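As a plain string of letters, each chain reads:
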Amino acid sequence: MSLDVSPQLLAEAENGAVREEDFVDTVRTSLPYAYQLIARLTAELRDGTAEFADNQTPPPSEKERGQLLRALSSDAIRAGLERHFGVALAFQNCHRVAVFPPEARGGRIHTRFTSARSQILNQSPEFRDC
């Protein structure tokens, strides 16, 4: 299961709309590694001068890797995190997450990062089963 949904949030969903802040809080508590990694990268992006910030360090365990994969493979979770942090997310291999300013989406740097060429160049045998 991707998220630990509280009975209150489940009731909200059953009755219609879910408040964005409740959803993001559920993501934060259910997938803490993924949430904290994106928060850290967002802070690095805002505090630095680079066009994007990315993580190149593998997660400490398969548990954290699973959190990251679940967060980034769900359209709803990924979009919620992008709105919450005000960034555009990009993802390669098992752990290379990048945050870009939203306006960079589709631009030269973002397109290069998300290209098939970059995906191929960022492969290695240890990522085969991640």
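Just so you know, the residues in each chain are numbered from 1, in the order the chain's sequence is written. Confidence filtering applies because this is a predicted model: local features only for residues at pLDDT of at least 70, side-chain atom pairs given and counted only at 80 or more, and all residues used for totals across whole chains, interfaces and linings. By convention in this description, side-chain values take in all heavy atoms of the structure and omit both hydrogens and water.

**Description of the pairing of strand β2 (residues 88-92)**
Then comes step 1: Counting buried positions over the 5 residues of β2 gives 4, a clear majority of the element.
Then comes step 2: When β2 meets strand β3 (residues 96-100), the two strands line up antiparallel, connected through 5 bridges. Bridging across to β3, F91 finds its partner in V97. In this scheme, a residue with accessible area under 20% of its type's maximum is buried, one over 50% is exposed, and one in between is partly exposed, where area comes from a 1.4 Å probe on protein chains only. Strands here are runs of E lasting at least two residues and helices are runs of H or I lasting at least four, both read from the DSSP assignment and numbered beginning at the N terminus. Only strands that DSSP links by at least two bridges are regarded as paired with each other.

**Regarding the sheet that holds β3**
The strands that make up a sheet pair up through hydrogen bonds in the backbone, lying either parallel or antiparallel.
Then comes step 1: Read from one edge of the open sheet, 3 strands run β1-β3-β2, paired in antiparallel fashion. Each having just a single partner strand, β1 (53-54) and β2 make up the two edges of the open sheet.
Then comes step 2: We call two residues in contact when some of their heavy atoms are within 4.5 Å. Between N-to-C directions, angles span 0 to 180 degrees; the directions come from axes that are lines fitted to C-alpha atoms, helices contributing only their stretch in contact. Across the sheet, helix α4 (residues 62-73) lies against β2 and β3, angled at about 125° from β2, the strand it touches most.

**Here we look at the pairing of β3**
Then comes step 1: Of all 5 residues that make up β3, 5 are buried, and the element is covered over most of its length.
Then comes step 2: Burial along β3 is two-sided: the residues R96, A98 and F100 and V97 and V99 are all buried.
Then comes step 3: In this sheet, β3 lies alongside β1 in antiparallel orientation, the contact comprising 2 bridges. Bridging across to β3, A53 finds its partner in V99.
Then comes step 4: The turn joining β2 and β3, which pair antiparallel and follow one another in sequence, is formed by 3 residues; a positive phi near 40° is taken by N93.

**Things to note about the confidence of the model for the chain**
Fine structural detail should not be taken from predicted coordinates in areas where pLDDT scores are low.
Then comes step 1: On average, residues of the chain score 88 in pLDDT, and 87% of them reach the 70 mark or higher.
Then comes step 2: As a per-residue measure, pLDDT tells how confident the predictor is, with possible values from 0 to 100. Ranking the elements of the chain by mean pLDDT puts helix α7 (residues 116-121) last with 66 and helix α3 (residues 32-47) first with 97.

**Here's the deal with helix α2 (residues 20-30)**
Then comes step 1: Restricting attention to buried positions, one finds in α2 the residues D22, F23, V24, T26, V27 and S30.
Then comes step 2: Of the surrounding secondary structure, the elements contacted by the buried residues of α2 are α1 (7-14), α3, α4 and α5 (75-85).

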